[in-house]
Every structure is written in structure tokens, then in C-alpha cells.
Amino acid sequence: MAQPELLADTATGQARAAALLRAGALVALPTETVYGLAADATNDAAVAAIYAAKGRPGFNPLIVHVPDRAAAETLAAFSDMARALADAFWPGPLTLVLPLRPGHGLSARVTAGLPSVAIRVPAHPAMQAVLRALGRPLAAPSANPSGKITATAAAHVLAGLGDRIAAVLDAGPCAVGVESTILAPEPGGTRLLRDGGLPREGIEPLTGPLIADTTPGARIEAPGQLASHYAPDTRLQLGGPPEPGDIVIGFGHVTCHVNLSPRGDLTEAAAQLFAALHQADALAQAQGATAIRVAMIPDTGLGRAINDRLRRAAAPRA
Ligand code: AMP
Ligand code: MG
């Protein structure tokens, strides 16, 4: 494909994005979590193109984005708990895995043939504007090649997928910076499928203790839960003393090449995480370094999502 269109975050850019999506094209769109590689979720060929562009295995289901809970309720069956979670945290970085409703109209590829669907209402005004202009749900996994570092800026999208998409709408870096938290509210309790931008501590007052199901490789429902993910090209080492030549990613008041948050703030660290990995990878290539070294950070609040990404980024590659 030719160079993608670079769309500004204006009414004109948003309208162009919606028009391209209506015609079945792939458009990378900003959300508050990460950049999404979006396609019309009701268009089978467009959804197939997402998998092809990312090199994503066809059995790894996609998250469907809708503008509000009413739109979500046309696609999935909401329990009282699902509704309470939606009302508390939508729009925002929470994805709910819910039973599909008959007549949902989604491409079967979106759910990889599962009887459930993962749905989110994003808060980003550009994504909201495109969803409302389009009037159809958007399937949108992260806008990066499968298994590689997540895109949290338009430049990351262009570097990873620039030759495979019709356009990218550039609204600057993502505010949250890590993917959504994924929950499956079920009769026996609410399962946590992925730590993400909405910390557990904020959810449990509503749900009671979450049934955590997020250990890498523990129980594989989809490759998003596989051990190796978010991987830089350079080997990532977790913890241990830096060896000469290592590119070091730090947190807090430490000496390092790239700092997630000099003041030790987890919100800032989450927002910086993937940009830091991209930057460290580029530095390593430029300097011929064989490893990027990073220490795990406090395992609380957003720290859990960050450590999860770091563990998977450091995991042995398949
Ligand atoms: P992402 O890779 O960020 O697009 O997130 C997609 C992830 O959501 C998948 O890898 C799964 O872990 C999860 N997911 C999506 N749909 C479902 C589903 N129907 N049931 C369970 N998990 C799902
Ligand atoms: Mg991803």
C-alpha cells in the first residue's frame, strides 16, 4: 500500500477517518489507552485485514469499541454486575467480556468464533467522534505488529504498520499508555483477564475480590495472555545488576538511559512505558547493545499492569 494518509485531530480528519472505515479500510486511531488498528467490526473482509496487517493469529479475538453502553447492549448481554461496571468505569480503560447477543451483526472473526465478545467504550474524544460519525462498532487491537511493542504514538504506528494501513489519525501520545483492564463478570464472580489502565484497587470495592487469571502462560484463552508479548527486538532483561553496554530503563531517582518517571509516579510510568521500550530498542540498535535492562516497579495500582507488560516483554520468544 502507498504511504498512509496522516490525519489531523480535527473535525475534517475525524470525518475522513470515518469515511475510510465505512469503505472497509484500516485506520489507526488514538484512544486514551494505546493507538488502535481500527476496522468496521461488522465487515468481515475489513476485520480479516486487521489480522493480516498485524500478523495476528486468527484465534486471538479483538476488542470491539462502541460509543456508549446503549450501543454495547445491542451486541452483548449485560448482567447487573456488567451494568454496574459499565456505569462506574465507561468511558474508560475497561474492557468487559460478555455473552454475545443474537443478531449482534459482528463479523465472526472479531470474536474468533467464541460465544462471548470483549467490548469497551473508549474515552478519547477523537475515537468517540469517529465512532459516532461511523455509527458502527469498531474492532481495534493495538496498532502494532503482533507480539511487538505497543504503539502509543502515531510515529510508533507508522514505524510498525505504515505500509499496511490507509491512514493514521494523530492526536499525540496516549494519556494512559497501557492497554485496558479486561474483566469477565460471571455468575460465580468477576474474573480478571488482564491488568491494565484501570487498577484492581478501583474495581474490587464494586465486584469483591477479583478472580485473577493473568499469570503469563497460566491459562491460555488467547495469545494476548501468552507469555511473550510487547517484545522489543533487543532482548529485555528483568532486574539484576546492569552489565557493561546494557541499555538501562529506570524508575525514580536512578541513573539510566531512559527513565519511566524520575519522580517515581506510576501514572507517568504507565504513560511512558511503551515509548521507553521503543526508545531503548532504538538506542540498543544504534549502540550495538545486546540487552535492555529494566527493574520491576512497585506491584500496586498501575504498577501491576506495567510489571505484567515487562514480564511478557522479557519472556522467552516463541
Ligand atoms: P488486544 O490484544 O489488546 O486487542 O486485546 C485482546 C484480548 O482481549 C485478547 O487477546 C483476549 O485476551 C481478550 N479477549 C478478547 N475477546 C475475548 C473473548 N471473547 N473472551 C475472552 N477474552 C477475550
Ligand atoms: Mg496488543
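Let us look at the structure shown here. All values derive from a computational prediction rather than experimental measurement.

Rules and cut-offs
- Residues numbered from 1 in each chain as written.
- Chains lettered and ligands numbered in written order.
- Predicted model: local features only at pLDDT ≥ 70, side-chain atom pairs only at ≥ 80, totals over all residues.
- Heavy atoms only, no water.
- Helix = DSSP H or I, 4+ residues; strand = E, 2+ residues; numbered from the N terminus.
- Rg over C-alpha atoms; globule rule 2.2 N^0.38 Å.
- Buried < 20%, exposed > 50% of the residue type's maximum accessible area, 1.4 Å probe, protein only.
- Contact = heavy atoms within 4.5 Å.
- Areas by Shrake-Rupley, 256 points an atom, 1.4 Å probe, with all protein chains shown as cover.
- Lys, Arg positive; Asp, Glu negative; His and termini not counted.
- Charge placed at Lys NZ, Arg CZ, Asp CG, Glu CD.
- Pairing = 2+ DSSP bridges.

## Notes on the overall build of the protein chain
Consideration 1: Within the protein chain, the secondary structure is distributed over nine helices and 15 strands.
Consideration 2: Against the 2.2 N^0.38 benchmark of 20 Å for 318 residues, the protein chain shows a C-alpha radius of gyration of 19 Å, consistent with a compact globule.
Consideration 3: Seen through its principal axes, the protein chain has C-alpha atoms that stretch 60 × 50 × 35 Å.
Consideration 4: Here the protein chain holds 318 residues, and the buried ones make up 54% of them.
Consideration 5: For the protein chain, the proportion of contacts with a sequence separation of at least 24, taken over those separated by at least 6, is 67%.
Consideration 6: Counting only carbon and sulfur atoms, one obtains 57% of the accessible surface of the protein chain, whose full area is about 12,600 Å².
Consideration 7: In the protein chain, 25 side chains carry a positive charge and 26 a negative one; their mean positions are 4 Å apart.

## A word on helix H5 (residues 125-134)
Consideration 1: Residues of H5 that are buried: Ala126, Met127, Gln128, Val130, Leu131 and Leu134.
Consideration 2: Elements that come into contact with the buried residues of H5 comprise helix H1 (11-22), strand S2 (27-29), strand S4 (63-65), strand S7 (138-139) and strand S8 (167-170).
Consideration 3: Positive backbone phi, approximately 70 degrees, marks Gly135, located one or two places after H5.

## Focus: the sheet that holds S7
The strands that make up a sheet are held in pairs by hydrogen bonds between backbone atoms, and each pair lies either parallel or antiparallel.
Consideration 1: Pairing is mixed in the open sheet, where eleven strands are placed in the order S1-S8-S2-S3-S7-S4-S6-S5-S9-S10-S11. Whereas interior strands pair on both sides, the edge strands pair on one side only; in this sheet they are strand S1 (5-8) and strand S11 (211-212).
Consideration 2: Bridge analysis of S4 against strand S6 (residues 116-120) gives three bridges, and the strand direction is parallel. Bridge pairing in S6 places Ile63 opposite Ala118.

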